[in-house]
Amino acid sequence: MTARPYPLHENYPRHVAIIMDGNGRWATQRGRPRKLGHLQGAEAARRIVRAASEFGLSYLTLFAFSSENWRRPGTEVAELMGLLHRYLSGEHRQELEELDIRLRVIGQRERLPDTTLRQIERIESETAHHKGLNVVIAISYGGRVEIATAARRLAQKVQEGEMDPGEINETLMERFLETSAFPDPDLLIRTGGEKRISNFLLWQLAYAEMVFSDCLWPDFDREAFLAALNEYQMRERRYGALVSTG
Ligand code: FPP
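All values derive from a computational prediction rather than experimental measurement. (Residues numbered from 1 in each chain as written. Predicted model: local features only at pLDDT ≥ 70, side-chain atom pairs only at ≥ 80, totals over all residues. Heavy atoms only, no water.)

Colleague: For this particular structure, what's the right way to read unusual backbone geometry?
Modeller: Apart from glycine, the bulk of residues carry a negative phi angle, and the bulk of peptide bonds sit in the trans form. Backbone geometry places Ser140, a non-glycine residue, at a positive phi of 55°. As for its placement among the helices and strands, Ser140 is situated in strand E4 (residues 134-141). Here the phi dihedral of Ser198 falls at roughly 50°; this positive angle occurs in a residue that is not glycine. Inspection of the secondary structure puts Ser198 in the loop between strand E5 (187-190) and strand E6 (209-212). (Helix = DSSP H or I, 4+ residues; strand = E, 2+ residues; numbered from the N terminus.)

Shown next as structure tokens:
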């Protein structure tokens, strides 16, 4: 178990979700192949996982591969899958041990290559007892598919007579989402200059604060992360209620 030099501040987010955008542009700006951008992007992800662990956050969810990313050229898809595979093995796998990180994956597992799937299942079970930061990697993930799948499973329960349609409410719906074991994100960070959610955690981000950064993901470092956390700390979250007058 690692010591935490930055004890959790009262206003720190418990769960941060990140859309890691801008790898391709980072490489193109340098006249280099996109795959170099993804490689540097994976290194940035590693840095941010380490920083989140040091800052004492409880959950960090990273959008590594969307359900729409399958439409990219086969070579780029293979490169991204290869990178994920590499980052879930060897020295990187060791880092999860050292930082006491519990790793979990959300997304359409049935679309993943067999080797990646087996590796994910092994790491999830090997880190299940870890007590530090929870890292959730979204791979082949899409928010709409997740919600539609939950609705289908609920409908099945009704059809089988295990549930009454009148029982279905927000709390029950959440139990059928892939994220049922995690709290909703408090903060969403998106790098790369675009200001949209891109089908990421559609249900779960309902009340999240959002910080958009022009920084391209491979350049996102500990200082940029701290700046986003500080911006979050300045915000007042009201969940639809009125401003508190103290
Ligand atoms: C968006 O950049 C990024 C992705 C599609 C993939 C994110 C993947 C990584 C950071 C590497 C693997 C991650 C881990 C956790 C090991 P883009 O290619 O859409 O960039 P662009 O908008 O500039 O083209």
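Colleague: Looking at this structure, I do not really get the side chain of Asp186. What am I missing?
Modeller: Structurally, Asp186 is set in the loop between helix H7 (170-175) and E5. When its relative accessible area of 13% is taken as the criterion, Asp186 is described as buried. Apart from the residues within four sequence positions on either side, Asp186 is in contact with Pro13, Arg14, His15, Ala208, Glu209, Tyr232 and Arg237. (Buried < 20%, exposed > 50% of the residue type's maximum accessible area, 1.4 Å probe, protein only. Contact = heavy atoms within 4.5 Å.)

Colleague: Help me understand the packing of aromatic side chains in this model?
Modeller: To describe a pair of aromatic rings, you give the distance between the ring centres and the angle between the ring planes. All told, the structure shown has eight aromatic pairs when counted by the stated rule. Centroid distance Tyr141 to Phe200: 6.0 Å. Interplanar angle 90°. Geometry classified as edge-to-face. Taken as a pair, Tyr141 in strand E4 and Phe200 in the loop between E5 and E6 lie far apart in primary sequence, 59 residues in all. Residue Tyr141 is classed as buried on the basis of its relative accessible area of 1%. Seen in terms of ring centroids, Phe220 and Phe225 are 6.3 Å apart; in terms of plane orientation they differ by 55°. Their pairing is tilted. (Phe/Tyr/Trp six-rings, centres within 6.5 Å; stacked < 30°, edge-to-face > 60°.)

Colleague: Help me understand the site of the ligand, please; the structure alone is not making it clear to me.
Modeller: Surrounding the ligand, one finds 17 residues, the nearest of these being Asp21, Gly24, Arg25, Arg34 and Arg72. Contact between the ligand and Arg34: an oxygen atom at 2.8 Å from a side-chain N or O atom of the residue. Surface burial for the ligand is 90%, taken as the share of its 620 Å² of free accessible area covered by protein chains. Mapped by element, the contributors of at least two residues to the shell around the ligand are helix H1 (23-29), helix H2 (34-55) and helix H3 (74-87). Element by element, the count of residues in the shell around the ligand is highest for H2, at four residues. Each residue belonging to the shell around the ligand can be placed in one class, and the counts come to seven nonpolar, six polar and four charged. (Near = heavy atom within 4 Å. Polar contact = N/O pair within 3.5 Å; in protein donor to acceptor, adjacent residues only side chain to side chain. Areas by Shrake-Rupley, 256 points an atom, 1.4 Å probe, with all protein chains shown as cover. Nonpolar A, V, L, I, M, F, W, Y, C, P; charged D, E, K, R; others polar.)

Colleague: Would you mind showing me how to read the pattern of salt bridges here?
Modeller: One side chain can pair with another of opposite charge once the charged atoms of both are near each other. Evaluation of the coordinates by the stated rule reveals 16 salt bridges. Measuring nitrogen to oxygen at the nearest pair gives 3.2 Å for the salt bridge that ties Glu98 to Arg50. Here Arg50 lies in helix H2 and Glu98 lies in helix H4 (residues 90-98), a separation of 48 residues in the sequence. Classification of Arg50 by relative accessible area gives partly exposed; the value is 27%. Of the charged contacts, one joins Glu209 and Arg235 as a salt bridge, the two residues approaching to 3.0 Å between their closest N and O atoms. A residue pair is termed long-range when its members are at least 10 positions apart, and Glu209 in strand E6 and Arg235 in the segment after helix H8 (222-234) qualify at 26 residues. Judged by relative accessible area, Glu209 falls into the buried class, the value being 15%. Put simply, Glu43, Arg46, Arg50, Glu95 and Glu98 are held in one network by salt bridges that share partners. (Salt bridge = Lys/Arg side-chain N within 4 Å of Asp/Glu carboxyl O.)

Colleague: Mind showing me how you'd approach the nonpolar core here?
Modeller: For soluble globular proteins, nonpolar side chains are generally found buried alongside one another. Counting 41 residues, the largest nonpolar core has Val16, Ile18, Leu60, Ile139 and Phe225 as its most contacted members. For this core, the element with the highest residue contribution is H2, accounting for seven residues. Ile139 has contacts with Phe65, Met81, Leu84, Val105, Ile106, Gly107, Gln108, Leu112 and Ile120, leaving out every residue within four places of it along the chain. Membership of the second largest hydrophobic core comes to 14 residues, among which are Phe63, Leu188, Leu201 and Leu205. (Core = buried A, V, L, I, M, F, W, Y, C linked by side-chain atoms within 4.5 Å.)

Colleague: I tried to follow the packing of H2 against H3 on my own but got confused; where do I start?
Modeller: Closest axis-to-axis distance for the H2/H3 pair is 10 Å, and the angle between their directions is 30°. Considering their axes alone, H2 and H3 lie roughly parallel with respect to each other. Both H2 and H3 take part in a crossing whose hand is right-handed. Taken together, the residues of H3 that come into contact with H2 (itself represented by Arg34, Lys35, His38, Leu39, Ala42, Glu43 and Arg46) are Glu76, Glu79, Leu80, Leu83, Arg86 and Tyr87. (Axes fitted to C-alpha atoms, helices over the stretch in contact; angles between N-to-C directions. Parallel < 35°, antiparallel > 145°, perpendicular 65-115°, else oblique. Left-handed = near helix turned anticlockwise from the far one by under 90°.)

Colleague: What's the story with the environment of Ile139 in this structure? I'm lost.
Modeller: When you line up the elements, Ile139 lands in strand E4. Relative accessible area serves as the criterion here: at 0%, Ile139 is assigned to the buried category. Note: C-alpha distance between Ile139 and Leu36 (103 residues apart in sequence) is 20 Å.

By themselves, these observations are geometric and do not establish any function.
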